[in-house]
Amino acid sequence: MGGLEIYNDSIHANLSNPSSYAKLKLTTYSLGLNYRNNNLTDTNDSKSLISSGLDYIGVAIPTNKFGFGFGIIPYTSVGYKLNQLDTSSFPNILNQYQGEGGVNKVFFSVGFNLLKYFSLGATINYDFGKLKYQTSKYVDDVFLGTVLINESSVSGLDFKLSTNFEIPINENLNLHAMISYVPQASLNSTNRSQLLTSALSDPSILGEVIEIDLADTGLDLTEIQLPSSIGIGIGFGKNSKWFAGGQYIMIKSSNYKNSYNSLPNVHYKDGSQLSIGGFFIPDFSSITSYWKRMVLRMGLRQESTGILTNNFEIKETGLNFGFGFPLPGYSNLNIGLEYGSRGSNNSTMLEEKFWTLRLGFSLNDRWFIKRKYN
């Protein structure tokens, strides 16, 4: 639904809004997978890429007083290999750029019902991962090229707080509202750099290997500053029938800092994300038609990432729609498709157009039932 965090129900864990755990009635196992097709273009060329991966794994458990959950979410990923052949010099020079790795979040969330129509929640994330960036230069008729490898091992904590309001206006209409806050956080980065020579035809053939002493410049241990954000959202709907809402998130991207892996042509400003979306269920309680119990979802998001490359800001747009298929009990299979674009096709940037297919499994069970009969 365009990334909306507002709507909560009793059989789905809203991993983006910890206050939603207060409303859960069933233990929920969540699994999300994605398949993505990207098409990258610039003024001279285009390239298609295909990738797939995990969106999330989570378990959410309700109790009489509160609900809680835990799991893992991939947060960032790096994966590229670019070659640039410079024929303007003699002999020709091949420049090669590679990156791999990523950061994951292990999360624990808890949500409380403080008042009849008001809930409060919090999430603590442990972030961890490894990043590797490699720059290589090979000269024609020279067997060994020069390779610079920068590696980082990242770890740290960050938090999210959220509130949720659900107020009945009349018997057919409810007001939903949400406020979220993510404080600024710091991740510790343990860094390592190597300068070596290797063969293009066989990278395992090494010449000289030099371990760069980063302690001299204070870059062996650095911090990555993650930006804070504030989100507000409002929507209207009828329980188990329909919902429509909007959400705006303000992100202090200008506070982002990574002193070890910084680029001279990349700068940051404050960003934002606007989302609108909703769902419709023809007849939630139908016993004669399976298709009437399907959930139809749709959404749109517009994001200013706050990343400036060569003084051009990178913006992203995504159009979403999908279906929720009821499974036995209260479980669901959710299928979503997003079509979007990022960047701009000008002389200094790439334009990326993509579509992503997502599968989400929400499997429900009932725990902690006191037996009436033995």
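Here is what the cut-offs are and how they apply
- Residues numbered from 1 in each chain as written.
- Predicted model: local features only at pLDDT ≥ 70, side-chain atom pairs only at ≥ 80, totals over all residues.
- Heavy atoms only, no water.
- Helix = DSSP H or I, 4+ residues; strand = E, 2+ residues; numbered from the N terminus.
- Buried < 20%, exposed > 50% of the residue type's maximum accessible area, 1.4 Å probe, protein only.
- Contact = heavy atoms within 4.5 Å.
- Lys, Arg positive; Asp, Glu negative; His and termini not counted.
- Charge placed at Lys NZ, Arg CZ, Asp CG, Glu CD.
- Pairing = 2+ DSSP bridges.
- Phe/Tyr/Trp six-rings, centres within 6.5 Å; stacked < 30°, edge-to-face > 60°.
- Lys NZ or Arg CZ within 6 Å of the ring centre and 35° of its normal.
- Core = buried A, V, L, I, M, F, W, Y, C linked by side-chain atoms within 4.5 Å.
- Salt bridge = Lys/Arg side-chain N within 4 Å of Asp/Glu carboxyl O.
- Polar contact = N/O pair within 3.5 Å; in protein donor to acceptor, adjacent residues only side chain to side chain.

Participant: Explanation requested: the overall build of the protein in the structure shown.
Facilitator: Across its full length, the protein holds 0 helices and 19 strands. Principal axes of the C-alpha set define a box for the protein whose edges measure 80 × 40 × 40 Å. Burial status across the protein gives 40% buried among its 374 residues. The long-range share in the protein, meaning contacts at least 24 apart out of those at least 6 apart in sequence, stands at 61%. Of the charged side chains in the protein, 30 are positive and 30 negative; the average position of the first set lies 16 Å away from that of the second.

Participant: I would appreciate a short explanation of the pairing of strand β19 (residues 351-365) in the present structure.
Facilitator: Note on strand geometry: in a regular strand, side chains alternate between the two faces of the sheet. As paired strands, strand β1 (residues 27-41) and β19 are joined by 15 bridges and run antiparallel to one another. Each bridged residue has a counterpart across the sheet, and for Asn38 the counterpart in β19 is Phe354. With 12 bridges connecting them, strand β18 (residues 332-343) and β19 associate as antiparallel partners. Residue pairing in the sheet places Asn332 in a bridge with Ser362 of β19.

Participant: What should I look at first to understand the packing of aromatic side chains in this one?
Facilitator: In this description, an aromatic ring pair is defined by two values, namely the gap between the centres and the angle between the planes. Counted by the stated rule, this structure contains 12 aromatic pairs. In textbook terms, an aromatic cluster arises when at least three aromatic residues are bridged by ring pairs, as seen for Phe66, Phe68, Phe108 and Phe112. Sitting over the face of the ring of Tyr75, Lys105 holds its NZ or CZ atom 4.1 Å from the ring centroid.

Participant: So what exactly am I meant to see when it comes to the nonpolar core here?
Facilitator: Leu4, Ile6, Tyr7, Met178, Phe243, Phe279, Ile281 and Val295 together form the largest nonpolar core, which totals 8 residues. With sequence-adjacent residues up to four places away left out, Ile6 is seen in contact with Asn17, Asn164, His176, Ala177, Met178, Gly233, Ile234, Phe243, Gly246 and Gln247.

Participant: Whenever I open this one, the pattern of salt bridges confuses me. Can you help?
Facilitator: Pairs can form between side chains of opposite charge whenever their charged atoms are close. Counting across every chain of the model gives 16 salt bridges. Among the salt bridges present, the one from Glu151 reaches Arg192, with a minimum N-O distance of 3.4 Å. Residue Glu151 is found in strand β6 (residues 144-170), and its partner Arg192 is found in strand β8 (residues 185-199); the two are separated by 41 residues along the sequence. Put simply, Lys269 and Glu313 hold a salt bridge, and the shortest N to O gap is 3.6 Å. Here the residue Lys269 occupies a position in the loop between β14 (266-268) and β15 (271-280), and Glu313 occupies one in strand β17 (residues 312-326), the gap between them amounting to 44 residues. Glu313 gets classed as partly exposed once you look at its relative accessible area, which sits at 23%.

Participant: Looking at this structure, how should I read the environment of Lys47?
Facilitator: With respect to the element layout, Lys47 can be found in strand β2 (residues 46-62). Lys47 sits in the exposed class, given a relative accessible area of 53%. The spatial distance from the C-alpha of Lys47 to the C-alpha of Glu352 is 9.6 Å, given a sequence separation of 305 residues. Beyond its immediate stretch of four places on either side in the chain, Lys47 contacts Asn38, Asn39 and Leu40.

Participant: How should I be thinking about the side chain of Glu5 in this particular structure?
Facilitator: As for its position among the elements, Glu5 is in the segment before β1. For Glu5, a relative accessible area of 8% translates into the label buried. At a separation of 3.2 Å, a polar atom in the side chain of Glu5 contacts the side chain of Lys160. Once residues within four sequence positions are removed from consideration, Glu5 is found in contact with Asn14, Ser16, Asn17, Lys160, Met178, Ser180, Gln247 and Ile249.

Participant: Where do I start with unusual backbone geometry in this structure?
Facilitator: One non-glycine residue, Asp141, lies in the positive phi region at around 70 degrees. Mapped onto the secondary structure, Asp141 falls in the loop between β5 (118-139) and β6. Among the residues examined, Asp141 registers a relative accessible area of 84% and is labelled exposed. One non-glycine residue, Asn310, lies in the positive phi region at around 50 degrees. For Asn310, a relative accessible area of 31% translates into the label partly exposed.

Participant: When you look at the pairing of strand β3 (residues 66-86) in this model, what are you seeing that I'm missing?
Facilitator: Here 6 bridges tie β2 to β3, and the two strands are oriented antiparallel to one another. Residue pairing in the sheet places Ile61 in a bridge with Phe68 of β3. From the end of β2 to the start of β3, which pair antiparallel, there are 3 residues. Direction of pairing for β3 relative to strand β4 (residues 93-115): antiparallel, over a ladder of 20 bridges. Within β4, the position partnered with Lys81 by the bridge is Gln98. Here β3 folds back onto β4, and the loop between the two strands holds 6 residues.

Participant: Could you clarify how one ought to interpret the environment of Ser153 in this entry?
Facilitator: Examined against the element boundaries, Ser153 turns out to sit in strand β6. Taking the C-alpha atoms as reference, Ser153 lies 8.8 Å from Arg192; in sequence the two are 39 residues apart. Setting aside residues up to four positions removed in sequence, Ser153 forms contacts with Gly129, Lys130, Asn188, Ser189 and Thr190.

Participant: Any chance you could explain the side chain of Ser253 here in plain terms?
Facilitator: Structurally, Ser253 is set in the loop between β12 (242-251) and β13 (257-258). In this structure, Ser253 is in contact with Pro227, Tyr268, Lys269, Asp270, Gly271, Thr305 and Gly306, ignoring residues within four places of it in sequence.

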